[in-house]
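Take a look at the letters that make up each chain.
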Amino acid sequence: MPALVLLGAQWGDEGKGKATDLLGGSVDYVVRYQGGNNAGHTVVVGDQKYALHLLPSGILSPGCTPVIGNGVVVDPSVLLSELSGLNERGVDTSKLLISGNAHIITPYNVTVDKVTERFLGKRKIGTTGRGIGPTYADKINRVGIRVQDLYDESILTQKVEAALDAKNQMLTKLYNRRAIAVEQVVGELLGYADKLAPYVADTVLVLNEALEQDKVVLFEGGQGTLLDIDHGTYPFVTSSNPTAGGACTGAGVGPTKISRVIGILKAYTTRVGAGPFPTELFDEDGEALRRIGGERGVTTGRDRRCGWFDAVIARYATRVNGLTDFFLTKLDVLTGWEQIPVCVAYEIDGKRVEELPYSQSDFHHAKPVYEMLPGWSEDISKAKSFSDLPKNAQAYVKALEEMSGAPISAIGVGPGRDETIEINSFL
Ligand code: IMP
């Protein structure tokens, strides 16, 4: 019963799209279990480059059924335009399944995201502005709108009324904005109902039946471990659980069904938005990582903050996710440095600390303790096996593996689908 979870081990953007897509050919279902169109996967197939935000990357593999689980928040207009964009390029999207329990990002959730960020000023989170946090807030406050509500106009109207009651007070009195009309929102949402209807399904039932029939199910996390609402660098996090436990709640599959948890780990570190980042670089090395690694957000177009590899974070990801394997990505980006610093511990208030401190105040003060590893200058993008890598690149990978607490089972050496070294098969 192979049920695999694939998730970001750092702050997102580790190259999950490539990893999921690599497995896509042998996987029957690819499931997103949290987040929404704040995510951004770039998948390169042949000479075609696809940027996906909401759809699971399995949508590009013909034999695979892509699933949007109950834990995801769905912006219908984004979903429909992503689908039609793929259809125009000849991709068949008819197999997509969407949970009727998934919550909808309404236009007012997007408005609230933008005005609250503006209101926070210097203290802003740096959200993607896609309405993610406010939609999850409505879910927890029990005033959310779910996909299934689109098929009962009276219920939908009552729920939108309930949600807008307090929000309109806040928008007009606190933020000095115009109130949002219930009928306008209901009209817009009803306009999506027929278009989404062919995809809506009881995805919990479908996935559990699939697992009983020994199908291969891949759960694809959006964002990353350090952006998790519980285990990340709160409050500079997203509003859901990208960590492994989120796959269970966000897809309705019990923990006993999960056979493998794979952490995607970039050979260096990046972060988008605000919040602590001990190994961040502000010099030309940081600029070089950004340039060579193409570190610009797929969703927002913002430059990513860049820094050296942080083994403390990798160990933390192994622990909170129960990782069985790592997929190390973008090793090729490090080609050309004479020496590569790797953060092995932190110094906090004069003390050496080996594990991620639970206190955010401590984490904000953490200074990286670096070990220098010898670099390599050979082009590694054509390497097909571990032994094809230059000795120093092999040693870099081995050192990371030892520090991070789980085996590195695959290595990305370039952006293309086939530019991957497989060490242990994931299936
Ligand atoms: P939100 O998810 O839009 O609420 O944004 C919260 C934080 O998560 C911000 O720092 C975003 O930049 C970050 N974030 C959200 N999605 C991603 C992602 O896919 N990759 C990296 N960072 C993300």
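Preceding this section is the structure that the text describes.
Only a predicted model underlies this, so the values are computations on that prediction, with no experimental measurement involved.

**Details of the overall build of the protein**
The number of helices and strands found in the protein is 12 helices and 20 strands. Relative to its length of 427 residues, the protein is compact, with a C-alpha radius of gyration of 22 Å against a globular reference of 22 Å. Along the first, second and third principal axes, the C-alpha set of the protein runs to 65 × 50 × 40 Å. Burial status across the protein gives 57% buried among its 427 residues. Intrachain contacts of the protein at a sequence separation of at least 6 include 75% that bridge at least 24 residues. In the structure as shown, the protein presents an accessible area of about 17600 Å², 51% of it carried by carbon and sulfur atoms. When the 43 positive and 52 negative side-chain charges of the protein are each reduced to one mean point, those points stand 4 Å apart.

**Brief notes about the pattern of salt bridges**
Counted by the stated rule, this structure contains 15 salt bridges. Its salt-bridge partner being R319, residue E355 comes within 3.1 Å of it at the nearest N-O pair. Here R319 lies in helix α10 (residues 311–321) and E355 lies in the loop between β17 (351–353) and α11 (360–365), a separation of 36 residues in the sequence. For E355, a relative accessible area of 32% translates into the label partly exposed.

**Examining the environment of E419**
For E419, the location among the structural elements is in the loop between β19 (408–412) and β20 (420–422). Sequence separation between E419 and A383 is 36 residues; the distance between their C-alpha atoms is 7.8 Å. Among residues more than four places away in sequence, those in contact with E419 are K18, S381, I411, G412, V413 and G414. Polar side-chain contacts of E419 include one of 2.8 Å to the backbone nitrogen of G416.

**Observations regarding the environment of Y346**
Secondary-structure assignment places Y346 in strand β16 (residues 339–348). Since its relative accessible area comes to 0%, Y346 is described here as buried. Taking the C-alpha atoms as reference points, Y346 and R130, 216 residues apart in sequence, are found 34 Å from one another. Within the structure, Y346 has its side chain in polar contact with the side chain of D310 (distance 2.6 Å).

**A few points about the sheet that holds strand β7 (residues 97–99)**
Overall, mixed pairing links the 10 strands, which are arranged β9-β7-β5-β2-β10-β1-β11-β15-β19-β20 in an open sheet. If you trace the sheet from one side to the other, it starts and ends with β9 (200–201) and β20, each paired once. With respect to the sheet, helix α8 (residues 244–251) is in contact with β1 (3–8), β2 (29–32), β10 (217–220) and β11 (260–266), its orientation differing from that of β1 by roughly 120°.

**A word on helix α2 (residues 76–88)**
For α2, which comprises 13 residues, the first-to-last C-alpha distance of 18 Å matches the rise-based estimate of 18 Å (1.5 Å per residue) to within 8%. Of all the positions in α2, only P76, L79, L80, E82, L83 and L86 are classed as buried. Buried residues along α2 cover an arc of 160° about the axis, so they all sit on one side.

**Looking at helix α7 (residues 203–212)**
Taken as a whole, α7 has its buried residues at T203, L207, N208, A210 and L211. All buried residues of α7 project into a common sector of 155° when viewed along the axis, lining one side.

**Thoughts on the site of the ligand**
The ligand sits among 16 residues. The nearest are D13, N38, T128, T238 and R302. Take G126: an N or O atom from its main chain is 3.4 Å from an oxygen atom of the ligand. Measuring from a nitrogen atom of the ligand, one finds a side-chain N or O atom of Q223 at 3.3 Å. Across the complex, the protein chains shield 96% of the 470 Å² of accessible surface that the ligand would expose by itself. Class assignment for the residues of the shell around the ligand results in 6 nonpolar, 8 polar and 2 charged. Structurally, the shell around the ligand is a two-domain feature, drawing no fewer than three residues from each of domain 1 (3–91 + 202–422) and domain 2 (103–198).

Cut-offs used in this document
Residues numbered from 1 in each chain as written. Predicted model: local features only at pLDDT ≥ 70, side-chain atom pairs only at ≥ 80, totals over all residues. Heavy atoms only, no water. Helix = DSSP H or I, 4+ residues; strand = E, 2+ residues; numbered from the N terminus. Rg over C-alpha atoms; globule rule 2.2 N^0.38 Å. Buried < 20%, exposed > 50% of the residue type's maximum accessible area, 1.4 Å probe, protein only. Contact = heavy atoms within 4.5 Å. Areas by Shrake-Rupley, 256 points an atom, 1.4 Å probe, with all protein chains shown as cover. Lys, Arg positive; Asp, Glu negative; His and termini not counted. Charge placed at Lys NZ, Arg CZ, Asp CG, Glu CD. Salt bridge = Lys/Arg side-chain N within 4 Å of Asp/Glu carboxyl O. Polar contact = N/O pair within 3.5 Å; in protein donor to acceptor, adjacent residues only side chain to side chain. Pairing = 2+ DSSP bridges. Axes fitted to C-alpha atoms, helices over the stretch in contact; angles between N-to-C directions. Expected span 1.5 Å × (residues − 1). Arc of directions from axis to C-beta. Near = heavy atom within 4 Å. Nonpolar A, V, L, I, M, F, W, Y, C, P; charged D, E, K, R; others polar. Domains from an automatic or database assignment.

These results come straight from atomic positions and should not be treated as a statement about function.
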